Amino acid sequence: MATGMAGRSRNEASSSRGRGKGGSGGGGDRGESVVSDCGRRRSSCGYCKSKSNTSIAHGLWAYSLTVDDYQDLLDRGWRRSGCFLYKPEMERTCCPSYTIRLKAADFVPSKEQNRVYRRLERFLDGTLEVKKQAELSPLPSTSNVSSSSAHEASSSRDAKPLSNNKDDNDNVGEFVQYLSDEIDKVVKRCTQSGEFPSNIEFPTPSVREVSQAKKRKLVKGSEEDLLYTCNIAFQLAAALSRTQSNKMDGGEDIKLSGDSNEDKGQPFKLSPKAVAEKLVDLLSHLQQTSGLSIRACNGHINFYSARRLDSAGGVAKTIPCSKDSQTMNGNTRTAMKCSYSSPRKKRKLEIHLERSSFDPEEYDLYRRYQIKVHNDPPGKVSESSYKRFLVDTPLVFVPSTGDSTVPPCGFGSFHQRYIIDGRLVAVGVIDILPKCLSSKYLFWDPDLAFLSLGKYSALQEINWVRENQIHCPSLEYYYLGYYIHSCSKMRYKAAYYPSELLCPLRYKWVPFGVAKPLLDRRKYVVLSDYIGENGEPLLPSNSDHPMELQPEESEHNDSNDLMIEDGGMVGSEDEVSSDDDLELETGELGSAELEDGDIGNIIIGSRGSRTIKYKAVIHSRERGYLEAQLRTYMRVVGRQLSERMIYSLGPTRRKMGSKVQMLWRKIKLQFFACCR
């Protein structure tokens with residue numbers, strides 16, 4: 001029996017199937033919504049960091065909530081934090097929060113957003129030059145790269161650390177040092193033979209690995225792959241040039257013997273190109289021992305593999321395996337044997353969409369994110385607070401129906417997991433509703449901040465909406481939460497173009513280009529006053545593409561990519577005021593128009609398909625005390641929702657006053673009498 005009483009558990013309410021009255025989406029029996037009123041609440045603001053309770057919002061506690069009802073609540077400025085629903089009192093709160101959305105099919109990515117995509121692609125294929133990170137553990141390599149979506153992932157969820165390819169790097173470093181030593185031996189041999197002056201202290205050669213970007217520029221279209229290079233010839237030529245200039249007044253010329261008799265004794269041209277060519281001639285033995293092709297190129301000594309770049313753009317690495325002693329002309333020398341690894345392996349990205357549930361691996365990532373990115377004290381990041389904030393949900397899950405009214409994953413609350421080579425690197429907490437994907441929160445691996453995973457996930461979510469419109473045509477929009485113009489951290493949301501803001505009074509959608517100049521002048525604006533009946537602006541709009549943000553605003557994108565409003569707008573639901581402390585509004589319209597409606601039609605319970613309305617159990621002489629509370633409830637949720645959702649009159653979180661307790665007991669008895 002669907003009683004709608006406050007003592008009823010959320011699981012019971014979520015499993016109920018009764019009225020099936022569709023809201024924005026319609027489409028069959030989708031359960032019922034049961035909420036209780038938490039009244040208006042004040043708290044400190046997470047945006048302007050005010051110490052006093054300047055953030056004002058109206059709150060509801062949801063025991064169960066249909067996706068249709070929550071869609072309609074979003075379109076009236078509500079959001080959820082776990083099972084707690086809240087709506088800012090726009091005229092009174094310190095930081096007015098406007099619901100923002102964009103139509104996915106109309107999305108136009110900015111240059112910066114395209115760069116985010118390309119940066120991650122380069123990271124996955126191994127071509128991104130990553131600056132050394134203090135806490136970054138190298139990601140392991142895999143042979144393939146893919147992006148996939150799964151509605152239900154494997155039950156195995158063991159956390160996998162990003163393995164360190166230290167051995168591979170050590171081998172490369174060892175081989176690079178070997179090449180440097182061989183060049184140094186050739187330079188010393190030239191000095192001992194008199195080809196270079198003996199009174200010059202030459203620098204030590206240094207061979208370095210060539211970056212992927214430079215490889216593509218230097219050897220584009222080549223059959224070989226440039227692996228290493230050394231610029232010692234430039235340093236030698238400069239030292240020789242200085243020495244020769246000092247001996248111009250009667251000193252001897254610097255001569256370097258060639259391999260043939262005609263070359264011997266000829267004055268040596270002091271150019272890096274000539275020096276490099278001479279050194280390459282003397283390094284010919286390396287081509288046999290290392291298997292590399294060595295050539296001089298404009299003064300550089302370059303080491304090439306004898307392989308062609310593979311079609312995927314991989315990089316052939318030379319990895320030494322062992323040292324081998326060889327005897328040549330009676331002299332024992334040590335040569336480095338090496339072998340080629342396969343072309344540089346790519347990292348694998350997987351994206352899994354799963355229903356909201358607690359996962360220890362996700363919690364560990366969330367904890368690291370909150371402590372390192374948001375500087376939360378470790379003691380305040382608890383498993384219970386994480387569950388209340390990002391796992392608990394009142395939304396009644398709606399499975400796919402296969403009739404183009406529900407996407408294949410269904411409607412409800414989900415966690416979108418981003419996994420690179422087996423390690424969880426980001427989690428997007430989202431709600432999928434009849435009209436939209438609503439992004440709630442995103443947390444990511446602090447070691448991968450350079451990838452801007454918050455921006456990348458937003459682009460992925462927009463793309464998800466586009467792809468799933470084929471399965472569910474009504475699913476058109478991407479909701480980014482709240483846009484707060486007075487908070488620079490939250491302005492980045494307008495970078496997703498073209499976006500719309502919700503008018504806080506008439507609940508009409510207004511193009512951001514119309515709203516921005518108005519918000520530049522005032523925090524709170526009735527946006528619908530500035531558009532005509534057909535949606536055309538009634539004043540010149542700021543139609544410039546708003547995607548390229550000012551530096552001080554875009555700075556926040558890497559550290560706070562998506563959705564902090566759930567943590568900043570309201571605190572823990574345990575802070576809800578008692579009924580004795582509720583600020584009941586009597587006749588004040590506030591930031592919303594009072595719709596015509598009889599509070600007696602508010603539903604306070606149901607049994608099967610039968611609904612119990614407030615007027616059926618409360619006599620007129622007893623309505624006065626609760627009438628203000630019910631009228632406020634109707635004002636903030638709207639007449640249609642107030643007559644569709646079950647309004648629980650029971651105690652919410654704390655002990656009620658004696659008068660309310662007596663009235664509650666009487667209502668309860670009358671209610672159960674009606675249900676018999």
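No experiment lies behind these values; they were computed from the predicted model shown. (Residues numbered from 1 in each chain as written. Predicted model: local features only at pLDDT ≥ 70, side-chain atom pairs only at ≥ 80, totals over all residues. Heavy atoms only, no water.)

With that settled, the discussion passes to the overall build of the chain. Helices and strands together make up the secondary structure of the chain, namely 19 helices and 21 strands. Nonlocal contacts in the chain, meaning residues at least 24 apart in sequence, comprise 71% of its contacts between residues at least 6 apart. Surface exposure of the chain reaches about 30300 Å², of which carbon and sulfur atoms provide 46%. (Helix = DSSP H or I, 4+ residues; strand = E, 2+ residues; numbered from the N terminus. Contact = heavy atoms within 4.5 Å. Areas by Shrake-Rupley, 256 points an atom, 1.4 Å probe, with all protein chains shown as cover.)

If you trace the four strands from one edge of the open sheet to the other, you get β6-β7-β9-β8, paired in antiparallel fashion. Unpaired on one side and paired on the other, β6 (207-209) and β8 (293-297) mark the two borders of the sheet. On average, each strand axis in the sheet is inclined to that of its neighbour by 35°, with strand direction left out of account. As paired strands, β8 and strand β9 (residues 300-305) are joined by five bridges and run antiparallel to one another. Following the sheet pairing, Arg295 is matched in β9 by Asn302. Sitting on the sheet, helix α7 (residues 272-282) touches β8 and β9, and the angle it makes with β8 is about 165°. (Pairing = 2+ DSSP bridges. Axes fitted to C-alpha atoms, helices over the stretch in contact; angles between N-to-C directions.)

Looking now at the packing of aromatic side chains. Per the counting criterion, the structure on display carries 22 aromatic pairs. Following the ring pairs from residue to residue traces out a cluster consisting of Phe358, Tyr363, Tyr366, Tyr386 and Phe443. Positioned above the aromatic ring of Tyr477 is the side chain of Arg101, whose terminal nitrogen or guanidinium carbon lies 3.7 Å from the ring centre. Geometry around Phe358 places Lys387 over its ring, the cationic atom sitting 4.7 Å from the centre. (Phe/Tyr/Trp six-rings, centres within 6.5 Å; stacked < 30°, edge-to-face > 60°. Lys NZ or Arg CZ within 6 Å of the ring centre and 35° of its normal.)

Once that is clear, we can look at the pairing of strand β14 (residues 423-432). Consecutive side chains of a regular strand alternate in pointing toward one face of the sheet and then the other. Most of β14 sits out of view: 10 of its 10 residues are buried. Note: strand β13 (residues 412-420) against β14, nine bridges, orientation antiparallel. Looking at β14, one finds that Phe414 is bridged to Ile430. Looking at chain direction, β14 and strand β15 (residues 436-444) are connected through seven bridges and run antiparallel. Following the sheet pairing, Ile430 is matched in β15 by Ser439. The turn linking β14 back onto β15 is made up of three residues. (Buried < 20%, exposed > 50% of the residue type's maximum accessible area, 1.4 Å probe, protein only.)

Residue placement: Leu73 occurs in helix α2 (residues 67-74). It is 6.8 Å that separates the C-alpha atoms of Leu73 and Val637, two residues lying 564 residues apart in sequence. Contacts of Leu73, omitting those with residues within four sequence positions, involve Leu65, Trp78, Leu85, Val637, Leu641 and Met645.

Counted residue by residue, strand β12 (residues 349-355) has five buried out of seven residues, so it is predominantly covered. Bridge analysis of β12 against β13 gives seven bridges, and the strand direction is antiparallel. Within β13, the position partnered with Leu349 by the bridge is Ile420.

Further remarks concern the sheet that holds strand β17 (residues 499-502). With respect to topology, eight strands assemble into an open sheet ordered β12-β13-β14-β15-β16-β5-β17-β18, the strand pairing being mixed. Both outer strands of the open sheet, β12 and β18 (509-511), are each paired with one neighbouring strand and no more. Going across the sheet, the axis of each strand differs from the next one's by a mean of 30°, ignoring polarity. When strand β5 (residues 98-103) meets β17, the two strands line up antiparallel, connected through three bridges. Each bridged residue has a counterpart across the sheet, and for Leu102 the counterpart in β17 is Ser499. Relative to β15, helix α10 (residues 383-391) is tilted by about 155°, and along the sheet it contacts β13, β14 and β15. Sheet strands touched by helix α11 (residues 453-468): β5, β12, β13, β14, β15 and β16 (477-483). Its angle to β15, the strand with the most contacts, is close to 155°.

Our focus in this paragraph is helix α12 (residues 512-521). Most of α12 is tucked away, with seven of its 10 residues classed as buried. Regarding α12, the residues found buried are Phe512, Gly513, Val514, Ala515, Pro517, Leu518 and Leu519.

Side chains of nonpolar character tend, in soluble globular proteins, to be buried together. Counting 74 residues, the largest nonpolar core has Leu73, Ile432, Tyr496, Leu501, Leu527 and Val637 as the members making the most contacts within it. Among the elements that make up this core, the one with the highest residue count is helix α17 (residues 624-637) (six residues). Within the second largest apolar cluster, 34 residues are counted, among which are Leu349, Tyr366, Ile419 and Leu442. (Core = buried A, V, L, I, M, F, W, Y, C linked by side-chain atoms within 4.5 Å.)

Right, let's get into unusual backbone geometry. Across the junction of Tyr497 and Pro498, the peptide omega takes the value 0°, indicating a cis bond. You can see Pro498 is positioned in the loop between β16 and β17. The residue Asn298 is not glycine, and still its phi comes out positive at about 55°. Residue placement: Asn298 occurs in the loop between β8 and β9. Relative accessible area serves as the criterion here: at 59%, Asn298 is assigned to the exposed category. A positive phi angle, near 60°, is found at Asn375, a position not held by glycine. Relative to the helices and strands, Asn375 resides in the loop between α9 (360-372) and α10.

Further remarks concern the packing of α9 against α10. Interhelical geometry of α9 versus α10 gives an angle of 100° and a closest axis separation of 11 Å. One way to sum up the angle between α9 and α10 is to call them roughly perpendicular. Residue-level inspection shows Glu362, Tyr363 and Tyr366 of α9 in contact with α10, the latter providing Glu383, Tyr386, Phe389 and Leu390. Taken together, the residues of the contact of α9 with α10 break down into five nonpolar, no polar and two charged. (Parallel < 35°, antiparallel > 145°, perpendicular 65-115°, else oblique. Nonpolar A, V, L, I, M, F, W, Y, C, P; charged D, E, K, R; others polar.)

In this section: the packing of helix α3 (residues 111-125) against α11. At a minimum axis separation of 9 Å, α3 and α11 run at an interaxial angle of 100°. In terms of orientation, α3 and α11 fall into the roughly perpendicular class. Mapping the contact onto sequence places Glu112, Gln113, Val116, Tyr117 and Leu120 in α3 and Lys455, Tyr456, Leu459 and Gln460 in α11. Here the contact of α3 with α11 is composed, by residue class, of five nonpolar, two polar and two charged.

Here we take up α2. At 3.6 residues per turn, the α-helix brings residues three or four places apart onto the same side. Most of α2 is tucked away, with eight of its eight residues classed as buried. Within the span of α2, buried status applies to Val67, Asp68, Asp69, Tyr70, Gln71, Asp72, Leu73 and Leu74.

With 63% of its residues at a pLDDT of 70 or more, the chain has an overall mean of 74. With pLDDT under 50 throughout, residues 132-136 is counted as low confidence; its partners more than four residues away or in other chains account for eight contacts. Segment residues 543-594 is flagged for pLDDT under 50; beyond a separation of four residues in sequence, or across chains, it makes 160 contacts in the model. (pLDDT = per-residue confidence, 0-100.)

The tally for this structure, following the rule as stated, stands at 22 salt bridges. For Glu476, the salt bridge goes to Lys103, with nearest N and O atoms at 3.5 Å. Of the two residues, Glu476 sits in the loop between α11 and β16 while Lys103 sits in strand β5, which places them 373 residues apart along the sequence. Residue classification places Glu476 among the partly exposed positions, given a relative accessible area of 25%. Note that Glu361 is salt-bridged to Arg417, the shortest N-O span being 3.3 Å. In this pair, Glu361 sits in helix α9 while Arg417 sits in strand β13, placing the two residues 56 residues apart along the sequence. Per residue, the accessibility class of Glu361 equals that of Arg417, and both read buried. Beyond isolated ion pairs, a larger network of salt bridges with shared partners links Glu354, Asp359, Glu361, Glu362 and Arg417. (Salt bridge = Lys/Arg side-chain N within 4 Å of Asp/Glu carboxyl O.)

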